[in-house]
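Here is how the chains run, residue by residue.
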Amino acid sequence: MAAPADRPEPTNGLSYSGDPGTFDEVFTPGGEVRPLYAGLLAEMDAGRLREIQAGMQEELAERGVEFGPPHSRAPFGVDAFPRIFPADLWADLELGLIQRVKALNAFLDDIYSGRRVIRAGVVPARILDEAMHYEPLMEKVDLPVVAQVAGPDLVRGADGGFSVLEDNLRTPSGLAYASVGRKVLEKAYEGAGLHPRPYESTFDLLGQAIRAADPSGRGDPSAALLTDGPISSAWFEHQELGRRLGIPLVSPGDLHPSGGVLMADVDGAQREVQVLYNRSSTERLTLPGDRVTPVGELLVEPILAGNLAVVNSFGTGVADDKAVHCYVDELIGFYLDEEPLLTNAKSYDLGNAEHREMVLGRLDELVVKPRWTFGGQDIVIGPRTPPEQLEKLAATIRRSPERFIAQEMVMLSTHPTIFGGELSPRHIDLRPYVMTIGDEVKVAPEALTRYARNAGEMIVSSARGGGAKDTWILES
């Protein structure tokens, strides 16, 4: 790819041209290398990039680092050009993430008990009435409803500032994929003089969060990871987490309640499970009409008896509702009496008539999302959608406004990404991992940077064919 005349070639014969109107993580608008990346780029040239990329993917394939359903499972794609965060920027993000997760967990505790936030008018009652993942059964449980693992999706806009697109409090994935290429990349770029933080303590933090959920309060529970098994797209991750945490993987067929406790068949022997780390696709214990899900039939009795805690708790999905997301800045003020350090991308609850009419007049400028989907499903990017499709969307919103939210368009930042041994811009986001360990909230020393598969594409979900970058959080 030829660089524009006003943009010099970065180094070693590599050329690069970013997307106009976006913040590029590596190059300034004038084409100069940001100082943070100078050492890394000095280690690169086109032939070497091909070699590093091929070698890393070969190693990941040998290790079985795969993603996707069984019929289309493929080696997980990791780009060999890592993303870098300086220590001071990461420290600022940590403060905002901790504040945000504290407020969201306070919201979860409140809505399953006193509902002060509803009585105060901070969040409309209709949002809870409509919430797909509200779990009425959790009102009867003495244990708190907690998102021990949160994986918010952060984006960087054209001004270089960060905001939050989604909060991901049900079963955020990607933690075991975030640093799978680290050893290869550290060796390949050792001449750059960069020192990313070790990521291994992430699994220690996760283990602490699981132990702190012990319903007995002793902090040494018998724990297991609930998985759908090899049919899961993230089967590699489930196996890796089980290995790292030292806990067995169980499927629903391995479980049965007995006398108010949950028993599991592990290696041919029966053992009690006191904390279940839920990584299955089941997100509900109950369904409308007082029905119980198949997994609920196994877990409800031990949960109600106070003998089983689930990480993340069933019922956390109500805080994942995109309509609730519209009010998180207000939740921070209500529960913590603080100004948000890390704010939402400006979001609009279309159940609000005033917001709805404004959005209907600006559909060609905004992004519209269904409240209850994930993985980039059914998102409509107004500026990139034909007028006739926007007219159909407007009619759907008028019929069922409670099903949607809208957000101001954020031009996601770009990062040079390797295609054919050359650098090409791809839009990216960031998924850090925030652990709630009893009363403490900590941010893991690793994060997953995801990039869109195609040039110019704004949806970066792995389910849509996107890949990942190793995220280097520098020691100092």
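This text goes with the structure placed above it.
Notes on the structure follow. None of the values given here were measured: they were computed from a predicted structure.

**Remarks on helix H2 (residues 46–63)**
In step 1: Helix length check: H2 (18 residues) gives 26 Å between terminal C-alpha atoms against 26 Å at 1.5 Å per residue, within 8%.
In step 2: Contacts from the buried residues of H2 go to strand S3 (78–85), helix H6 (182–188), strand S20 (414–419) and strand S21 (422–437).
In step 3: With a side-chain oxygen lying 2.8 Å from the backbone nitrogen of Arg48, the N-terminal cap of H2 falls on Asp45.
In step 4: Gly64 lies just past H2 and shows a positive phi near 75°.

**Thoughts on unusual backbone geometry**
In step 1: Cis geometry is found at the peptide bond from Val311 to Asn312, where omega equals -15°.
In step 2: In this fold, Asn312 is placed in the loop between strand S15 (309–311) and helix H10 (317–320).
In step 3: The phi dihedral of Asn168 falls on the positive side, at around 55°, and the residue is not glycine.
In step 4: Note that Asn168 resides in the loop between strand S6 (162–166) and H6.
In step 5: Here Asn168 falls in the buried class, since its relative accessible area comes to 13%.
In step 6: One non-glycine residue, Asp337, lies in the positive phi region at around 55°.
In step 7: Mapped onto the elements, Asp337 comes out in the loop between helix H12 (328–336) and strand S16 (347–349).

**A short note on the sheet that holds strand S18 (residues 380–381)**
In step 1: The strand order across the open sheet formed by four strands is S16-S19-S17-S18, and the pairing between neighbours is antiparallel. The two strands at the open ends of the sheet, each matched to only one other strand, are S16 and S18.
In step 2: Sheet topology places strand S17 (residues 366–370) next to strand S19 (residues 404–408); five bridges connect them, and they run antiparallel. Across the sheet, Val368 pairs through a bridge with Ala406, a residue of S19.
In step 3: Against the sheet, helix H13 (residues 353–360) touches S16, S17 and S19, its axis set at about 120° to S16.
In step 4: Running at roughly 130° to S19, helix H14 (residues 387–399) makes contact with S17, S18 and S19 of the sheet.

**Comments concerning the packing of helix H7 (residues 201–212) against helix H8 (residues 235–245)**
In step 1: Two elements in contact, H7 and H8, have axes separated by 10 Å at closest approach and are oriented at 80°. When the interaxial angle is binned, H7 and H8 end up roughly perpendicular. Only Leu241, Arg244 and Leu245 of H8 make contact with H7, whose side of the interface consists of Phe203, Leu206, Gly207 and Ile210.
In step 2: Considered class by class, the residues forming the contact of H7 with H8 number five nonpolar, one polar and one charged.

**Description of the packing of aromatic side chains**
In step 1: Taken as a whole, this structure holds ten aromatic pairs when the rule is applied.
In step 2: Both rings, one in Tyr37 and one in Phe81, keep their centres 6.0 Å apart while their planes meet at 65°; by these two values the pair is edge-to-face. Remark: Phe81 occurs in strand S3 and Tyr37 occurs in the segment before helix H1 (38–42); sequence separation between them is 44 residues. Side by side, Tyr37 and Phe81 carry an identical accessibility label, which is buried.
In step 3: Ring centres of Phe334 and Tyr335 lie 4.9 Å apart, and the angle between their planes is 80°; on these two criteria the pair is classed as edge-to-face.
In step 4: Overall, the relative accessible area of 16% leaves Tyr335 in the buried class.

**Observations regarding the sheet that holds strand S12 (residues 275–278)**
In step 1: Reading across from one edge, S8-S7-S12-S15 is the order of the four strands in this open sheet, with parallel pairing throughout. Of all strands in the sheet, those with a lone pairing partner are strand S8 (249–250) and S15, marking the two edges.
In step 2: Alignment of S12 against S15, held across three bridges, turns out to be parallel. When the sheet's bridge partners are listed, Leu276 is paired in S15 with Val310.

Rules and cut-offs
Here, residues in each chain are numbered from 1, in the same order as that chain's written sequence. The predicted nature of this model means local features are confined to residues of pLDDT at least 70 and side-chain atom pairs, given and counted, to a pLDDT of 80 or more, with totals for whole chains, interfaces and linings taken over all residues. Values reported for side chains reflect all heavy atoms of the structure, with hydrogen atoms and water molecules removed beforehand. We count a stretch as a helix when DSSP gives it H or I for four or more residues in a row; a strand needs E for two or more, and each element gets its number in order from the N terminus. Helices are assigned an expected span. That span is 1.5 Å times one less than the residue count. Throughout, a contact is declared for two residues whenever any of their heavy atoms are within 4.5 Å. In protein, a polar contact requires one atom able to donate a hydrogen and another able to accept it; more generally it is a pair of N or O atoms within 3.5 Å, and residues adjacent in sequence count only if both atoms are side-chain atoms. Only protein chains enter the calculation, and the probe is 1.4 Å; a residue is then buried if its accessible area is under 20% of its type maximum, exposed if over 50%, and partly exposed in between. For two strands to be treated as a pair, DSSP must find at least two bridges joining them. A fitted line through C-alpha atoms serves as each axis, taken over the contacting stretch for helices, and the angle formed by two N-to-C directions is quoted from 0 to 180°. Here the angle decides the label: under 35 degrees means roughly parallel, over 145 means roughly antiparallel, 65 to 115 means roughly perpendicular, and every other value means oblique. Here the nonpolar group is Ala, Val, Leu, Ile, Met, Phe, Trp, Tyr, Cys and Pro; Asp, Glu, Lys and Arg are the charged ones; every other residue, Gly included, is treated as polar. When the centres of two rings from Phe, Tyr and Trp lie within 6.5 Å, Trp using its six-membered ring, the rings pair. Their planes under 30 degrees apart give stacked, over 60 give edge-to-face, and anything left gives tilted.

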